[in-house]
Amino acid sequence: MKLSKPIIDEIDKVLAKHYGFTEEEHDFIINYDIKYRMGDELGSQE
């Protein structure tokens, strides 16, 4: 997944432009899974 992330982000960028998403919506899509992948690590920092 780590090596695929830049390619997936580029696909998301093209699709966001096609569908007319705002920059905020595009950012949400790109960063959506981070809170789930990093959930345990983020929770332990509190």
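Preceding this section is the structure that the text describes.
All values derive from a computational prediction rather than experimental measurement.

Quick look at a negative patch on the surface
(1) Moving on: Side chains of Glu23, Glu24, Glu25 and Asp27 sit close together on the surface and give a patch of like negative charge.
(2) Moving on: Checked against the element boundaries, Glu23 lands in helix H2 (residues 23-31).

Here we look at the packing of helix H1 (residues 5-19) against H2
Helix packing for two helices is described by the angle between their axes and how far apart those axes are.
(1) Moving on: Two elements in contact, H1 and H2, have axes separated by 10 Å at closest approach and are oriented at 150°. Between H1 and H2, the angle is such that the two are roughly antiparallel. Pair H1 / H2 crosses with right-handed handedness. On the side of H1, the interface is formed by Lys5, Asp9, Asp12, Lys13 and Ala16, while H2 contributes His26, Ile29 and Ile30.

Side note on the side chain of His26
(1) Moving on: Its location among the elements puts His26 in helix H2.
(2) Moving on: A relative accessible area of 14% means that His26 is categorised as buried.

So, the pattern of salt bridges
(1) Moving on: The tally for this structure, following the rule as stated, stands at one salt bridge.
(2) Moving on: Close ionic contact of Lys5 with Asp9 constitutes a salt bridge, the shortest N to O distance being 2.8 Å. Highlighted residues: Lys5 and Asp9, both in helix H1, separated by four residues, approximately one helical turn.

Rules and cut-offs
- Residues numbered from 1 in each chain as written.
- Predicted model: local features only at pLDDT ≥ 70, side-chain atom pairs only at ≥ 80, totals over all residues.
- Heavy atoms only, no water.
- Patch = residues over 30% accessible without salt bridge, like charges linked within 9 Å, V, L, I, M, F, W, Y side chains within 5 Å.
- Areas by Shrake-Rupley, 256 points an atom, 1.4 Å probe, with all protein chains shown as cover.
- Salt bridge = Lys/Arg side-chain N within 4 Å of Asp/Glu carboxyl O.
- Lys, Arg positive; Asp, Glu negative; His and termini not counted.
- Charge placed at Lys NZ, Arg CZ, Asp CG, Glu CD.
- Helix = DSSP H or I, 4+ residues; strand = E, 2+ residues; numbered from the N terminus.
- Axes fitted to C-alpha atoms, helices over the stretch in contact; angles between N-to-C directions.
- Parallel < 35°, antiparallel > 145°, perpendicular 65-115°, else oblique.
- Left-handed = near helix turned anticlockwise from the far one by under 90°.
- Contact = heavy atoms within 4.5 Å.
- Buried < 20%, exposed > 50% of the residue type's maximum accessible area, 1.4 Å probe, protein only.

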